[in-house]
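Close look at the chain arrangement
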Amino acid sequence: MKINLISVVGEDVQVLPHLLRHYRNEGVTDIMLHVHGTGDGDPILARVADLAKGAGAEVASKSIGKWWASINTIYYANHRLSRPHEWFVIADADEFHGYHGELIGMIDFCERNGYDYIEGCFIDRLADGGLLPRVSQDTPIWDQFPLGGMVSTTINGAIANKIVAAKGHVRLGTGQHVAGSGRGCPPEKLYVPVYHFKWIDGIMERLAVRAEESEMLAGVYKHECRRFLSHYLQNAKIDLTSAAMMVAPCAPHYLHWETVWKARVAAKCFHPALLGR
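Criteria and thresholds
- Residues numbered from 1 in each chain as written.
- Predicted model: local features only at pLDDT ≥ 70, side-chain atom pairs only at ≥ 80, totals over all residues.
- Heavy atoms only, no water.
- Helix = DSSP H or I, 4+ residues; strand = E, 2+ residues; numbered from the N terminus.
- Contact = heavy atoms within 4.5 Å.
- Buried < 20%, exposed > 50% of the residue type's maximum accessible area, 1.4 Å probe, protein only.
- Phe/Tyr/Trp six-rings, centres within 6.5 Å; stacked < 30°, edge-to-face > 60°.
- Lys NZ or Arg CZ within 6 Å of the ring centre and 35° of its normal.
- Axes fitted to C-alpha atoms, helices over the stretch in contact; angles between N-to-C directions.
- Parallel < 35°, antiparallel > 145°, perpendicular 65-115°, else oblique.
- Left-handed = near helix turned anticlockwise from the far one by under 90°.
- Nonpolar A, V, L, I, M, F, W, Y, C, P; charged D, E, K, R; others polar.
- Core = buried A, V, L, I, M, F, W, Y, C linked by side-chain atoms within 4.5 Å.
- Pairing = 2+ DSSP bridges.
- Right-handed = clockwise from strand over helix to strand, strands pointing away.
- Salt bridge = Lys/Arg side-chain N within 4 Å of Asp/Glu carboxyl O.

Moving on, we get to the environment of Phe145. On the secondary structure map, Phe145 appears in the loop between helix 5 (141-144) and strand 7 (147-149). Considering only alpha carbons, one finds Phe145 and Gln14, 131 residues apart in sequence, at a separation of 13 Å. Dropping the residues within four chain positions of it, Phe145 is found in contact with Arg125, Leu126, Ala127, Pro133, Val135, Phe197, Trp199 and Ile200.

Structure (structure tokens):
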């Protein structure tokens, strides 16, 4: 079965070698990267090209200029619409979907039951002590960030729900948080952890730039950046003691995943027709 992966890469490639290995191991056949640089001389362009070549992946397109909030969604849509009936895993460069070897089986289940997309939920991966270390290429990334928690929702106020896999014709909203067409697999049948390796060395500098941009970012995203900056500067780390953040080891699965899944099943936030009910 052919399964495509699309990912947008920009600013930092610390996580990318781990991401490419992860999705190959999950059964993805074709990997397409869209790379975004600040200028023609941006070293990230050559670095991504080298990493893609070494992993048998493809640099599908590149763009130059300021990053803005909807750029990932546009790249994903342009490529997916050219293959409307194929399945795509949609993952930003810091998102590792936890299919745990079941991706092909999940897609087969959706095909047999007429579902067009699968949902998941952010689980932020965190280093011990709530610090922001540089990613090593010599140690599995899972061991470097052994904790899971709800940083994006609790601190930033971000939407945790994600569309993790979809047929090319399915319309996705900004950030791939919701689908605007197609028949979704009910979360009680399939719901996938999206392990989020965002909280690494360099993230404070990137968020500081985005928090000050005006024309490129939606207001809500700027406020998310500012909330995290304020939290980290106040505590000199991510405060892991908040009960709402539900920090727990991932050994290998997030210990509170069943709680997260049950909350999603109980939340009737999408139209029943889009959930296949």
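Here we come to the environment of Val247. The topology assignment puts Val247 in the loop between helix 8 (219-235) and strand 10 (248-249). The class of Val247 is partly exposed, set by a relative accessible area of 23%. For Val247 and Gly175, which are 72 residues apart along the polypeptide, the C-alpha to C-alpha distance reads 24 Å. With sequence-adjacent residues up to four places away left out, Val247 is seen in contact with Leu126, Leu147, Gly148, Gly149, Leu240 and His256.

Moving on: the packing of aromatic side chains. Under the counting rule described, the total for this entry stands at 9 aromatic pairs. Pairing Phe96 with Trp142 gives two aromatic rings, centres 5.7 Å apart and planes at 90°, and the pair type is edge-to-face. Of this pair, Phe96 sits in strand 5 (residues 95-97) while Trp142 sits in helix 5, and the two are 46 residues apart along the sequence. Classification of Phe96 by relative accessible area gives buried; the value is 0%. When the centroid spacing of 5.9 Å and the interplanar angle of 85° are considered together, the rings of Phe145 and Phe197 count as edge-to-face. Linking Phe145 in the loop between helix 5 and strand 7 with Phe197 in the loop between strand 9 (192-196) and helix 7 (203-212), this pair joins segments that are 52 residues apart in sequence. Across this residue pair, the class does not change: Phe145 and Phe197 are buried. In this structure an aromatic cluster arises from ring pairing among Phe96, Trp142, Phe145, Tyr195 and Phe197. Sitting over the ring of Tyr195, Arg125 keeps its end group 5.1 Å from the ring centre.

Here the focus is the packing of helix 1 (residues 16-26) against helix 2 (residues 43-55). Two numbers describe how helix 1 lies on helix 2: the axes approach to 10 Å, and their chain directions differ by 25°. Of the possible angle classes, the one that applies to helix 1 and helix 2 is roughly parallel. For the crossing formed where helix 1 meets helix 2, the hand is right-handed. Contacts from Leu16, Pro17, Leu20 and Arg24 in helix 1 reach Val48, Leu51 and Ala55 in helix 2. Its residues assigned to classes, the contact of helix 1 with helix 2 shows 6 nonpolar, no polar and 1 charged.

To continue, consider unusual backbone geometry. Each neighbour pair has its own omega, and for Ala251 with Pro252 the value is -5°, a cis peptide bond. Looking at the secondary structure, you find Pro252 in the loop between strand 10 and helix 9 (257-266). The backbone of His100 shows a phi angle near 50°, a positive value even though the residue is not glycine. With respect to the secondary-structure elements, His100 resides in the loop between strand 5 and helix 4 (103-113). Classification of His100 by relative accessible area gives partly exposed; the value is 38%. The backbone of Ala236 shows a phi angle near 60°, a positive value even though the residue is not glycine. Inspection of the secondary structure assignment puts Ala236 in the loop between helix 8 and strand 10. Judged by its relative accessible area of 55%, Ala236 falls in the exposed class.

Right, let's get into the nonpolar core. Counting 55 residues, the largest nonpolar core has Leu16, Tyr99, Ile118 and Tyr254 as its most contacted members. Among the elements that take part in this core, helix 2 stands out by supplying 5 residues, more than any other. When near neighbours in sequence (up to four residues on either side) are disregarded, Leu16 contacts Val9, Leu33, Val48 and Leu51. Leu147, Trp199, Leu207 and Phe228 belong to the second-largest nonpolar core, a separate cluster that totals 17 residues.

Before going further, it helps to spend a moment on the pairing of strand 3 (residues 58-64). Here strand 2 (residues 30-37) runs beside strand 3; their pairing, made up of 6 bridges, is parallel. Across the sheet, the residue bridging to Met32 is Glu58, located in strand 3. On the question of chirality, the crossover connecting strand 2 to the parallel strand 3 by way of helix 2 is right-handed.

What the rule picks out here adds up to 9 salt bridges. Between Arg264 and Glu119 there is a salt bridge, with its nearest N and O atoms 2.9 Å apart. Separated by 145 residues along the polypeptide, Arg264 in helix 9 and Glu119 in strand 6 (residues 117-126) bring together distant segments of the chain. The buried category is assigned to Glu119, whose relative accessible area is 0%. In this structure, the salt-bridge partner of Asp201 is Arg134, at a minimum N-O distance of 3.6 Å. Pair noted here: Asp201 is in the loop between strand 9 and helix 7 and Arg134 is in the loop between strand 6 and helix 5, with a separation of 67 residues, a long-range link.

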